[in-house]
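# Report on the structure
Here is how the chains run, residue by residue.
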Amino acid sequence: MGTNMVHVTIDGRPVEVAAGTTIMQAAETIGIRIPRLCYHPKLSLEGACRICVVEVKGMRCFPASCATKVAEGMEITTGSPEIRQARRDIVELLLDNHPMDCQTCERDGNCELQNLAYQLGVRERHFEGKRKQFEIEDSSYSIVRNSEKCVLCQRCIRVCAEVQGVHNLSQHWRGATAVVTPAFEARMIESICINCGQCINVCPTAAWIEKSWTEDVWKALNDPSKHVVVHIAPSIRAAIGEGFGLPPGTPTSGKTAAALRRLGFDKVFDTNFSADLTIVEESNEFLQRLKNGGTLPLITSCSPGWVKFMEHFYPEFIPNMSTCKSPMSMHSTVIKTYYAEKAGIDPKDIFVVAVMPCTAKKYESRRPEFISPDGRPDTDAVLTTRELIWMIKAYGIDFLHLADEEFDHPLGYSTGAADIFGATGGVLEAALRTAVEMATGTELKEIEFAQVRGVDGLQEASLDVAGTTLKVAVANGLHNARDLLDRIKAGEEFHMIEIMACPGGCVGGGGQPYPQKGDYTIDFELYRKRAGALYDIDRDKEIRLSHKNPHVLELYREYLGEVGGHKAHELLHTHYQSRTPRGI
Amino acid sequence: MSAHDTAERQYTLDRELQAYISECRGKEHSESFLISVLHKVQARYGYLSQEHMQEVAELLGVPASTVSGVATFYHFFRLQPQGKYKVSFCLGTACYVKGAPAIIDAFKEELGIDVGETTKDGLFSLEITRCLGVCGLAPVVMINETVHGKLTPASIPALIAGIRKKEEAG
């Protein structure tokens, strides 16, 4: 027994835990999960909701178990009638300041407040009175705020500051008028919000949700004059199964393709094709910069949350950014140019839907750079994984029993290098596979770059490529990206960097399925499983190098011409701008 | 790396305040000086404008959302400029019992603003004070340095019209 162990009793049972353990954690060691609401294991302690109160002998009031550390000899009761009543009272008070619209709420069945009310046995409403009233704030392309459903747990404020380093949100005013908003109560679209959607992921209720574009998609699917084309991001296949009860990490490319056909899409393509295309262009860009003394490190630009973050917080890095469009925007462009021409369809009649793990992709699709001169967006609608799950359920499609189907060709074919885009480090690895082969002119003996794998927030590696040492780094979660960028500003040198806004990369995106009951988002074990599905798909593919995708090569041969050439530049590359308000 | 606009950023806060903020920023836990900085800005300009709050955020290195969160939390901070005529309602016990709430309502209705706000023409602002110590005259309103006692809601329009007339006459 070390001296730093503490002995307490919990509900009469002796428990020995390390000093510094909270009562909440100590109770978990004997299989008691104390009910909680504002607590989140990956965020700082708030202690705001008081749901997790317990009784400690000798203490005058009920302490919050998330914020109270065990002390030698404590006698703790977690489930006395008084405690259970206190928790119930708190939930009743929250409910009576809450719209009573569970049946029509987007989070019905996935709401922590609803689950708590049921779990704690709230069956009546005792405190009905005046409710707080706020307008719905839906100025953003990506995110909708309904402050009437907010329980002021402050998880969104914490995730925005602590995980993303954005600090867009804080609580304004006090008491009955307290509300979570950006600085100066600005509208979301005029704020420094990067649209990553992590606020949605951690929100226990529907105070934050994605802006739904499902109605636009249903409408297009039922419009006979439209040729409706869908493409899905790499990480969708690793996560969508969870929405239908499959264990995390079950790859479901085939079932997803089948479900999309049942929904009525005319063509089911794969964003992966353009992940390969991105790698071909970006590797070329990297090698050119390396050879010609261009700006380094080259920083990836696939993540629209990261792009907007850079524009608000680090515009001095604009010259470092890869000018490649993201795979989504490349793919939509290729559909409305190359594919339209090949299929003989007027691009005006093509409606492109992209299914993304990401709320920021909705915003990306409405950036002026990705809207054609006649006002048509390259990507007409963006759905999150959650929205697609809902559409599949709404249609009555029996996802679990669908036989696997293939994506349509040519824009549905991809190599293993594209699949791993959905995991943090995947874009860098895919780029290295291609860049190293291009630079050395010889075939890679070892295709996998294990040094840049893993879901940790920041990874660095030095690689020896044909006598040159390349320093590379991967950051996910923008708080980690800030640390890395500050080091570069202080003089550290890197050659290539991948940055993804969301923790874990796209597998942890702001549009991914809500966690199972009792689980939390920002769960790196979950992200590891989802990423594992992508690495498995990659391993099983015959071709695992983007520049060997035969359909991508065909696209260059038939339409684009040279890699990095004039037409490729016109169609596949973009630019960035410094934005205000300036991030701090 | 390109030069960014931070280098050319022009701040409107006066030099003395800028010097104070940079002094605070050099200290340990610099973010804890936020309230002190906001006090000084309000003392100098009478209220906290959005522009000044944004500048405080940038100069002190505190997120703008934190600055406006703090500024809206505390009663003391004003987010609008003070009117030329500062109307202070006494809400001490005697005034309250003698009908201060109805007096407040009459001012709000006549001026079309809420307590804590300023009329568009910049003439009047409304605020609540503690007991003014002239309970014998309850209900009492102070307009700048002048005490008006034994008011009734019906007397308010004339009181306001009188001030407006004086202003128009210059």
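Bear in mind that the values here come from a model prediction, so they are computed numbers and not experimental data. (Residues numbered from 1 in each chain as written. Chains lettered and ligands numbered in written order. Predicted model: local features only at pLDDT ≥ 70, side-chain atom pairs only at ≥ 80, totals over all residues.)

## Topic: the overall build of chain A
Rules: Only DSSP runs of H or I with at least four residues qualify as helices, and only runs of E with at least two residues qualify as strands; both kinds are numbered from the N terminus onward. Within these notes, the globule rule equals 2.2 Å times the number of residues to the 0.38 power, and the radius of gyration is based on C-alpha atoms. The exposure label follows from counting other C-beta atoms within 10 Å of a residue's C-beta, where the C-beta atoms are placed from the backbone and the thresholds are 20 or more for buried and 12 or fewer for exposed, leaving partly exposed in between.
A tally of regular secondary structure across chain A gives 19 helices and 16 strands. Against the compact-globule benchmark of 25 Å for 584 residues, chain A has a radius of gyration of 25 Å, which places it among compact chains. Principal-axis analysis of the C-alpha atoms gives chain A an extent of 80 × 60 × 50 Å. Counting the 584 residues in chain A, one finds 52% classified as buried.

## Description of the interface of chain A and chain B
Where we set the bar: Placing a C-beta atom from the backbone of each residue, one calls two residues in contact when those atoms lie within 7 Å. Residues are grouped as follows: nonpolar covers Ala, Val, Leu, Ile, Met, Phe, Trp, Tyr, Cys and Pro; charged covers Asp, Glu, Lys and Arg; every other residue, Gly included, is treated as polar.
Facing 18 residues of chain A, the contacting portion of chain B comprises 18 residues. Broken down by element, the side of chain A that touches chain B gets its largest block of residues, 4 residues, from strand β6 (residues 169–172) of chain A. When grouped by side-chain class, the residues that make up the side of chain A that touches chain B number 10 nonpolar, 6 polar and 2 charged.

## Quick word on the pairing of strand β13 (residues 381–384) of chain A
Residues and elements named next belong to chain A. Rule in force here: Note: two strands are recorded as paired if DSSP finds a minimum of 2 bridges between them. Handedness of a crossover: with both strands directed away from the viewer, a clockwise path from the first strand across the helix to the second marks it as right-handed.
What you see with β13 is no split at all: Ala381 and Leu383 on one side and Val382 and Thr384 on the other are buried throughout. Pairing of strand β12 (residues 350–356) with β13 involves 4 bridges; the strand directions are parallel. Looking at β13, one finds that valine 353 is bridged to alanine 381. Handedness of the crossover joining β12 and β13 through helix α12 (residues 360–365): right-handed.

## Here's the deal with the sheet that holds strand β2 (residues 13–18) of chain A
All names here are of chain A. Here 4 strands make up an open sheet; going across it, the order is β2-β1-β4-β3 and the pairing mixed. Only two strands of the sheet have a single partner each, and these edge strands are β2 and β3 (55–56). Bridging between β3 and strand β4 (residues 75–77) involves 2 bridges; their strand directions are antiparallel. Looking at β4, one finds that glutamate 55 is bridged to threonine 77.

## Topic: the domain arrangement of chain B
The criterion, for reference: Residue ranges assigned to the domains are those given by an automatic or database domain assignment.
Here chain B is described as being made up of domain 1 (5–73) and domain 2 (85–169). Of note, the centres of domain 1 of chain B and domain 2 of chain B, computed from C-alpha atoms alone, are 33 Å apart.

## Considering the domain arrangement of chain A
Residue and element names in this part refer to chain A. You can read the domains of chain A as domain 1 (5–79), domain 2 (143–208) and domain 3 (215–572). Each of domain 1 and domain 2 has a C-alpha centre, and these two points are 28 Å apart. Across the contact, 8 residues belong to domain 1 and 10 residues belong to domain 2. Here the residues of the side of domain 1 that touches domain 2 sort into 5 nonpolar, 2 polar and 1 charged.

## Observations concerning unusual backbone geometry
Residues and elements named next belong to chain A. Going from leucine 296 to proline 297, the amide bond is cis rather than trans, its omega being -5 degrees. With respect to the secondary-structure elements, proline 297 resides in the loop between α9 (271–292) and β11 (298–299). For the bond from histidine 409 to proline 410, the omega torsion is 10 degrees, close enough to zero to count as cis. Position of proline 410 among the secondary structure elements: in the loop between α13 (385–395) and α14 (416–419). Look at phenylalanine 184: it is not a glycine, yet its phi comes out positive at around 60 degrees. Tracing the sequence through the fold places phenylalanine 184 in the loop between β7 (179–182) and α5 (198–202). Overall, phenylalanine 184 belongs to the buried group, with 21 C-beta atoms counted inside 10 Å. Backbone geometry at isoleucine 522 places phi at a positive 55 degrees, although glycine is not the residue there.

## Focus on the environment of lysine 40 of chain B
All names here are of chain B. With respect to the secondary-structure elements, lysine 40 resides in helix α2 (residues 34–45). When the 18 C-beta atoms within 10 Å are taken as the criterion, lysine 40 is described as partly exposed. Sequence separation between lysine 40 and tyrosine 20 is 20 residues, and the spatial gap between their C-alpha atoms is 9.2 Å. Among residues more than four places away in sequence, those in contact with lysine 40 are Leu17 and Tyr20.

## Considering the nonpolar core
Applicable threshold: Joining buried Ala, Val, Leu, Ile, Met, Phe, Trp, Tyr and Cys residues through C-beta atoms within 7 Å gives a set, and that set is a nonpolar core.
Judged by nonpolar contacts, the single largest core of 164 residues is most densely connected at Cys156, Val230, Trp306, Val353, Val355, Ala431 and Ala501 of chain A. Dropping the residues within four chain positions of it, cysteine 156 of chain A is found in contact with Leu169, Val180, Cys199, Val202, Cys203 and Trp208 of chain A. Counting residues in each nonpolar core, the second largest holds 21 residues, with Ala183 and Ala186 of chain A together with Leu13 and Ala71 of chain B among its members.

## Digging into the sheet that holds strand β15 (residues 468–476) of chain A
Residues and elements named next belong to chain A. Counted only if it meets this: In this analysis an axis means a line fitted to C-alpha atoms, helices contributing only their contacting stretch, and an angle means the value between N-to-C directions, from 0 to 180 degrees.
Spatially, the 4 strands line up as an open sheet ordered β11-β16-β15-β14, and their pairing is mixed. In this open sheet, the two strands that pair with only one neighbour each are β11 and β14 (458–465). When β14 meets β15, the two strands line up antiparallel, connected through 8 bridges. Following the sheet pairing, leucine 458 is matched in β15 by alanine 475. In this fold helix α15 (residues 426–440) packs onto β14, β15 and β16 (496–500), with an angle of close to 160 degrees to the strand it touches most, β16.

## Overview of helix α1 (residues 15–25) of chain B
Residue and element names in this part refer to chain B. Inclusion rule: Taken from the helix axis, the directions to the C-beta atoms give the arc we talk about.
Looking at α1, one finds that the buried residues are Leu17, Ile21 and Cys24. Looking straight down α1, one finds that the buried residues subtend no more than 60 degrees of arc, so they occupy a single side. Of the exposed residues in α1, the ones pointing more than 90 degrees away from its buried face are Arg15, Glu16, Ala19, Ser22 and Glu23. Close packing links the buried residues of α1 with α2 and α3 (50–60).

## Some remarks on the environment of glutamate 127 of chain B
Residues and elements named next belong to chain B. As for its position among the elements, glutamate 127 is in strand β2 (residues 124–129). Looking at glutamate 127, the number of C-beta atoms within 10 Å reads 17, which means it is partly exposed. With 18 residues separating them along the chain, glutamate 127 and glutamate 109 place their C-alpha atoms 15 Å apart. Those residues in contact with glutamate 127 that sit more than four places away from it in its chain are Lys86, Ser88, Val115 and Gly116.

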